[in-house]
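Architecture and fold: a report
Spelled out from the first residue to the last, the chains are:
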Amino acid sequence: MKLALKQAKKGLGQTSPNPPVGAIIVSSRGSVLGSGYHHQAGLAHAEIDAIDKTLANHSARQLKNSTLYITLEPCSTCGKTPACTDSIIKHQFARVVYGCSDPNPAHRGRAKQLLSRGGIVVTSCILHQECQALIRYFTKAVTTGLPWLIAKSAMTLDGCTTLPAGQGPWITGKEALNDVQKLRSQVDAILIGGATLRQDDPLLTLRGNYSKKTQRQPWRVITSLSGELPEKSRVFTDIHRDRTQVYLNKSLRQVLKSLAKQGIHSVLLESGGKLLANALKNDLVDELVFYYAPLVGGGDKHAVQLNNLSKALYDIKGKKFGADLRIRGLIKRC
């Protein structure tokens, strides 16, 4: 299952409105016959990708009596692609092992019933927490109608989001900035407020190793109450301008609901403190990612008041990137 999880992570940021899923096929003798993952919506699901890759190097006979490991319960209904349970039964797998059940109540547990009727032994809840964490964006969207919202900010040790004049625009170093690009590559959209657009004129694009032609550019979402958005801003004029959406006079909840209806299941909030505070106050944030630099800002622009936030955070993890420290944690739902 760990190998299947590794495969699934290859699809992060590319599969919405479907979840990222990975699969491994193991022979009756214990050798890996093939692996696969869901590349993007409309293409083969992970288990079919693994079957196709196995058949490219082995005979169909070797699939018989083998074991399929998959991070998520196989689909049992036809959509843009046929039901995966039909293919699994057709190839006469001896056993199917999956990490977590489908979060959609209409589908949950159905695959287990169908596969068992087909004479296949089914085992579930293997590395359940890891597999569930992998599809948390999808789970949030299908169960609440809202995307998973990650609030990201870079700040100094005293909580400032800007540096004194003359010290440059970047608070953190190259290693942390590169990690932000990785984070952007794993979400469907990046959201900012009108004030951030006016002040910084950000690109909000993938850069460096994450700007490959095969990598989908996240949507760039601008929300504004005033409507005062510079027409010459780069998000409106660069080559990705068709990936920019603007919402005027809409609450943040309304914006997020609209995005979820479009199949956007994960949003990275890269706003200033005001919009972040609004998102926290209205219980819309699911995850926080803060980068701390070993500097003192001394300014009056702070990311957010952290007084009560520590009580709401859990599963907190820290990781160093050069001289900077990333703190990442989940927020308890009210």
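Residues numbered from 1 in each chain as written. Predicted model: local features only at pLDDT ≥ 70, side-chain atom pairs only at ≥ 80, totals over all residues. Heavy atoms only, no water.

**Details of the overall build of the chain**
Condition: A run of H or I in DSSP counts as a helix once it spans at least four residues, and a run of E counts as a strand once it spans at least two, with each numbered from the N terminus. For the radius of gyration, the atoms used are the C-alpha atoms, and the globule rule reads 2.2 Å times the number of residues raised to 0.38. The buried label applies to any residue whose accessible area, calculated with a 1.4 Å probe on protein chains only, is under 20% of its type's maximum; exposed applies above 50%, and partly exposed to all values in between. Contacts are assigned to residue pairs that have any heavy atoms within 4.5 Å of one another. Note that accessible areas follow from Shrake-Rupley with a 1.4 Å probe, and for residues the cover is restricted to the protein chains shown.
A tally of regular secondary structure across the chain gives 13 helices and 13 strands. Against the globule reference of 20 Å for 334 residues, the chain gives a C-alpha radius of gyration of 22 Å, in line with a compact fold. Across the 334 residues of the chain, 48% fall into the buried class. Expressed as a percentage of contacts within the chain between residues at least 6 apart in sequence, the contacts between residues at least 24 apart total 72%. In the form shown here, the chain has an accessible surface area of approximately 16,900 Å², with 52% of it arising from carbon and sulfur atoms.

**Quick word on helix 2 (residues 46-55)**
Summarising burial for helix 2: 7 of the 10 residues are buried, a large majority. Where helix 2 is concerned, the buried positions are A46, E47, I48, D49, A50, I51 and T54. Where the residues of helix 2 are buried, they touch strand 1 (22-26), strand 2 (32-37), helix 3 (60-63), strand 3 (67-72) and helix 4 (84-90).

**A word on the sheet that holds strand 9 (residues 244-248)**
Here is the rule we go by: Two strands are counted as paired when DSSP detects at least two bridges linking them. Only the contacting stretch of a helix is used when fitting its axis, a line to C-alpha atoms as for every element, and angles between N-to-C directions run 0 to 180 degrees.
Taken in spatial order, the 8 strands make up an open sheet running 9-8-7-10-6-11-13-12, and their pairing is mixed. Bordering the open sheet on either side are strand 9 and strand 12 (313-321), each of which pairs with just one other strand. Within the sheet, the average angular offset between the axes of one strand and its neighbour, ignoring direction, is 20°. Strand direction decides the pairing type here: strand 6 (residues 148-155) and strand 11 (residues 287-292), joined by 6 bridges, are parallel. What sits directly across from K152, in strand 11, is V289. Packing of helix 8 (residues 174-185) onto the sheet brings it into contact with strand 6, strand 7 (189-193), strand 10 (266-269), strand 11, strand 12 and strand 13 (324-331), and relative to strand 11 it is tilted by some 160°.

**Considerations on the environment of A323**
Mapping A323 onto the fold places it in the loop between strand 12 and strand 13. In this structure the C-alpha to C-alpha distance between A323 and T143, which are 180 residues apart in sequence, comes to 39 Å.

**Notes on the environment of I150**
Checked against the element boundaries, I150 lands in strand 6. With 33 residues separating them in the primary sequence, I150 and L183 have C-alpha atoms 9.6 Å apart.

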